[in-house]
Amino acid sequence: MTTVTESDLKELKDLIVAFREDNNKRLTAIENRLTIVETRLDEWRPAMAKIPDLAEKVGELKNWKQVGLIVVTAVISSIFSGTIGGVLGWMIRSGKA
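These numbers come from a predicted model, not from an experiment. (Residues numbered from 1 in each chain as written. Predicted model: local features only at pLDDT ≥ 70, side-chain atom pairs only at ≥ 80, totals over all residues. Heavy atoms only, no water.)

Q: Give a description of the overall build of the protein chain that names residues and reports values.
A: Secondary structure assignment for the protein chain yields two helices and zero strands. A total of 97 residues make up the protein chain; the buried ones form 0% of that total. Surface accessibility of the protein chain: about 9,300 Å² in total, with carbon and sulfur atoms responsible for 67%. (Helix = DSSP H or I, 4+ residues; strand = E, 2+ residues; numbered from the N terminus. Buried < 20%, exposed > 50% of the residue type's maximum accessible area, 1.4 Å probe, protein only. Areas by Shrake-Rupley, 256 points an atom, 1.4 Å probe, with all protein chains shown as cover.)

Q: So what's going on with a nonpolar patch on the surface? Residues and values would help.
A: Together, F80, I84, V87, L88, W90, M91 and I92 give the surface a local cluster of nonpolar side chains, amounting to about 740 Å² of exposed area. Mapped onto the secondary structure, V87 falls in helix 2 (residues 64-96). For V87, a relative accessible area of 41% puts it in the partly exposed group. (Patch = residues over 30% accessible without salt bridge, like charges linked within 9 Å, V, L, I, M, F, W, Y side chains within 5 Å. Salt bridge = Lys/Arg side-chain N within 4 Å of Asp/Glu carboxyl O.)

Q: With reference to specific residues and values, describe the pattern of salt bridges.
A: Taken as a whole and assessed by the stated rule, the structure comprises three salt bridges. The partner of R26 in a salt bridge is D22, with the nearest N and O atoms 3.4 Å apart. Of this pair, R26 and D22 both sit in helix 1 (residues 6-60), four residues apart, which is roughly one turn of that helix. Residue D22 is classed as partly exposed on the basis of its relative accessible area, which comes to 31%. With its nearest N and O atoms 2.9 Å apart, the salt bridge here joins R45 to D42.

See below:
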C-alpha cells in the first residue's frame with residue numbers, strides 16, 4: 001500500500017468542502033421553490049375554501065323553476081334538432097332518388 005500524502009489529504013478535504021457547498025446551494029434552491037409553492041397555496045386557499053359551499057349549492061337544486069326551464073329547453077331543443085335532422089335527411093334521400 002502506498003502512504004497517504006499531505007496533497008492527497010488536501011485534495012480529499014477540498015472535494016468534501018466542494019460537495020458540502022454544492023449541497024447547500026441545492027438545498028437553498030429547493031427552499032426557495034418551496035416558499036414560492038407555499039405562497040401560491042396561500043393565495044389559492046380562499047378559493048379552495050369555497051369549493052364545498054359551491055358543491056352543496058349545486059347539489060341542493062332548490063330552485064325548481066330553473067330545473068323545469070332547463071328540462072323544457074332540452075325537450076324543445078331535441079324536438080327541434082330531430083325535426084330539422086329529419087327534414088334534411090328526407091331532402092337528401094329524395095334528391096338522390
